[in-house]
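Examining the three-dimensional arrangement
Each chain is listed here by its residues.
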Amino acid sequence: MTRMSLKLLCLDRFFTQKHGNKLFAEYGITGKKLRWNEDPEAFQRWKDGQTGLPLVDANMRELKQTGVPSLVFITKRKEKTSSVLNGFSACIQ
């Protein structure tokens, strides 16, 4: 196991220990209801890496091409890429 893999495994373990079943709750660990963008065309652009946000687009194209996220993708890039689904694209810029 690489050093990076071990770090990620430890982070996941401690995060799960801290938040427990809240990770799977409808409103997540914050308990706040999220506003979802239910536009199917926007969702397709996100999946295809065509959002207009370079970091998000690069992440999604890499994921689509390889089928797996890179280790770099697993850290902050995952958070920023998924936030587009919630309509929080302002957080990325």
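Data block above holds the structure.
The rules behind these values
- Residues numbered from 1 in each chain as written.
- Predicted model: local features only at pLDDT ≥ 70, side-chain atom pairs only at ≥ 80, totals over all residues.
- Heavy atoms only, no water.
- Helix = DSSP H or I, 4+ residues; strand = E, 2+ residues; numbered from the N terminus.
- Buried < 20%, exposed > 50% of the residue type's maximum accessible area, 1.4 Å probe, protein only.
- Areas by Shrake-Rupley, 256 points an atom, 1.4 Å probe, with all protein chains shown as cover.
- Expected span 1.5 Å × (residues − 1).
- Arc of directions from axis to C-beta.
- Lys, Arg positive; Asp, Glu negative; His and termini not counted.
- Salt bridge = Lys/Arg side-chain N within 4 Å of Asp/Glu carboxyl O.
- Contact = heavy atoms within 4.5 Å.
- Axes fitted to C-alpha atoms, helices over the stretch in contact; angles between N-to-C directions.
- Parallel < 35°, antiparallel > 145°, perpendicular 65-115°, else oblique.
- Nonpolar A, V, L, I, M, F, W, Y, C, P; charged D, E, K, R; others polar.
- Phe/Tyr/Trp six-rings, centres within 6.5 Å; stacked < 30°, edge-to-face > 60°.

**Here's the deal with the overall build of the chain**
- When you go through the chain residue by residue, the secondary structure sums to 4 helices and 0 strands.
- Ordered by position from the N terminus, the helices and strands of the chain form the series α-α-α-α.
- Every one of the 93 residues in the chain was classed for burial, and the buried ones make up 18%.
- Summed over its atoms, the accessible surface of the chain is roughly 7300 Å², and 59% of this surface lies on carbon and sulfur atoms.

**A few points about helix α3 (residues 54-66)**
- Counted at 1.5 Å a residue, the expected span for α3 with its 13 residues is 18 Å, and the 18 Å between its end C-alpha atoms agrees.
- Listing the buried residues of α3 in full gives Val 56, Asp 57, Asn 59 and Met 60. All buried residues of α3 fall inside an arc of 165° around its axis, so they share one side. Looking at α3, the residues exposed on the side facing more than 90 degrees away from the buried face are Pro 54 and Gln 65.

**A closer look at the side chain of Asp 57**
- Relative to the elements of secondary structure, Asp 57 occurs in helix α3.
- Notably, Asp 57 is buried but unbridged: the nearest opposite-charge side chain belongs to Arg 61, and the N-O separation is 4.4 Å.
- With sequence-adjacent residues up to four places away left out, Asp 57 is seen in contact with Gly 49, Gln 50, Thr 51 and Gly 52.

**Considerations on the packing of helix α2 (residues 40-48) against α3**
- Interaxial distance between α2 and α3 falls to 7 Å at its minimum, and their mutual angle equals 70°. In terms of axis orientation, α2 runs roughly perpendicular to α3. Residue-level inspection shows Trp 46, Lys 47 and Asp 48 of α2 in contact with α3, the latter providing Val 56, Met 60, Arg 61 and Lys 64.
- Considering only residue class, the contact of α2 with α3 consists of 3 nonpolar, no polar and 4 charged.

**Topic: the packing of aromatic side chains**
- In the structure shown here, the tally under the stated rule is 1 aromatic pair.
- For the pair Phe 43 and Trp 46, a centre-to-centre distance of 5.7 Å together with 25° between the ring planes defines the contact as stacked. Linking Phe 43 with Trp 46, this pair stays in helix α2, spanning 3 residues, or about one helical turn.
- Taking relative accessible area as the criterion, Phe 43 reaches 38% and is therefore assigned partly exposed.
- Classification of Trp 46 as buried rests on a relative accessible area of 13%.

**Here we look at the pattern of salt bridges**
- Evaluated as defined, the whole model comprises 1 salt bridge.
- Among the salt bridges present, the one from Asp 48 reaches Lys 64, with a minimum N-O distance of 2.9 Å. Of this pair, Asp 48 sits in helix α2 while Lys 64 sits in helix α3, and the two are 16 residues apart along the sequence.
- Since its relative accessible area comes to 57%, Lys 64 is described here as exposed.

From the geometry alone we can't say anything about function, so treat these as descriptive.
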